[in-house]
Amino acid sequence: MAKISNIILVHGAWADGSSWVKVLPLLAAQGMTVTAVQLPLTAFDADVAAVRRAIALAEGEVVLVGHSYAGAVIGEAGNDPKVARMVYIDAFAPDAGESAGSLFAQFEAAPLGAELRPDAEGFLKLSREGAFNLFAQDLDQSEKAAVYATQGPINGAALGGTLTAAAWHDRPVFYMIGDQDHAIPPVEQARMATRMNATITHVQSSHVPMLSQPQAVADFILSAAA
């Protein structure tokens, strides 16, 4: 496979594009052209559209990377012919007709689920306990506080967005499993990755390895690009 130099990074729920801030310079130092998409997190279709716009602006083939909820988003947006390879980081990996939410309903209980707080408009936010001790437990206290303060609440309905076609069927796929993930159980990540016939790696991290283990995440993305 030829080397690809365009990387598009897509954040998950309770995050924004800055969740890749430690990975971005590591990829750029290797000559990669990197875009970190800002998802609105208001609706699944809107999130897919945001990724499609980023793909449209890329010059040449793309490695499309998704974290957490964004695994569902890239599964739909990745059907663009520019997308040559896909990388999942602690991510949902729905098939056609499935959603992040429908997969989550089938999973073993994940501790983070009890720490979601809906508002009057149906947007879900992490409690302080959830952010500090279950979502980003391996960061230092100041970083945990930043994750909690800057989290992007997600419209709960977005989690129910179903894929019309799963792009991972037709492309090489790479999957990183965080072995200390309390949001998506590692055993469930392994099942999804195996179903995709993905190249799998493990990292000793929470649900946010891009912040706690940025070099490992960057190296894994670079291996997919190479």
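What you see is a predicted model; the values in this text were computed from it and never measured.

With that settled, the discussion passes to helix H3 (residues 70-77). In terms of burial, H3 is a largely internal element, eight of the eight residues being buried. All of the buried residues along H3 are Ala70, Gly71, Ala72, Val73, Ile74, Gly75, Glu76 and Ala77. The secondary structure elements touched by the buried residues of H3 are strand E1 (6-10), helix H2 (44-57), strand E3 (62-67), strand E4 (83-89) and helix H4 (100-106).

All right, on to the pairing of strand E8 (residues 173-178) then. For E8, the buried fraction is high: six of the six residues fall into the buried class. Residues of E8 alternate between two faces, with Val173, Tyr175 and Ile177 on one and Phe174, Met176 and Gly178 on the opposite face, all of them buried. The pairing of E4 with E8 spans four bridges and is parallel. Counterpart to Met86 in the pairing with E8 is Val173. Here E8 pairs with strand E9 (residues 199-203) via five bridges, running parallel.

Residues apart from glycine generally show negative phi values, whereas peptide bonds are mostly found in trans. Positive phi, normally seen in glycine, also occurs at Ser68, with a value near 60°. With respect to the element layout, Ser68 can be found in the loop between E3 and H3. At Asp90, a position not held by glycine, the phi torsion is positive, near 45°. Within the secondary structure layout, Asp90 lies in the loop between E4 and H4. On the basis of relative accessibility, which here comes to 0%, the residue Asp90 falls in the buried class.

Our focus in this paragraph is the side chain of His207. In this structure, His207 sits in the loop between E9 and helix H8 (209-212). Taking relative accessible area as the criterion, His207 reaches 1% and is therefore assigned buried.

A word on the sheet that holds E3. With respect to topology, six strands assemble into an open sheet ordered E2-E1-E3-E4-E8-E9, the strand pairing being parallel. The open sheet has two free edges, formed respectively by strand E2 (33-37) and E9, since each of these has just one partner strand. Sheet twist, expressed as the mean angle between neighbouring strand axes with direction ignored, is 20°. Where H2 meets the sheet, its contacts fall on E1, E2, E3 and E4, and the angle it forms with E2 comes to roughly 160°. Where H3 meets the sheet, it contacts E1, E3 and E4, and its direction lies at approximately 150° from that of E3.

It is worth spelling out the pattern of salt bridges at this point. As enumerated under the stated definition, the model contains five salt bridges in all. Between Arg52 and Glu76 there is a salt bridge, and its shortest N-O distance comes to 3.8 Å. Residue Arg52 is located in helix H2, and its partner Glu76 is located in helix H3; the two are separated by 24 residues in the primary sequence. By relative accessible area, which is 40% here, Arg52 ends up partly exposed. Look at Glu76 and you get buried, because its relative accessible area is 8%. Among the ionic pairs, Glu188 bridges to Arg191, the shortest N-O distance being 3.1 Å. A residue pair is termed a helical-turn pair when its members lie 3 or 4 positions apart in one helix, as Glu188 and Arg191 do in helix H7 (residues 186-195) at three residues. Judged by its relative accessible area of 5%, Glu188 is buried. The partly exposed category is assigned to Arg191, whose relative accessible area is 48%.

The rules behind these values
Residues numbered from 1 in each chain as written. Predicted model: local features only at pLDDT ≥ 70, side-chain atom pairs only at ≥ 80, totals over all residues. Heavy atoms only, no water. Buried < 20%, exposed > 50% of the residue type's maximum accessible area, 1.4 Å probe, protein only. Helix = DSSP H or I, 4+ residues; strand = E, 2+ residues; numbered from the N terminus. Contact = heavy atoms within 4.5 Å. Pairing = 2+ DSSP bridges. Axes fitted to C-alpha atoms, helices over the stretch in contact; angles between N-to-C directions. Salt bridge = Lys/Arg side-chain N within 4 Å of Asp/Glu carboxyl O.

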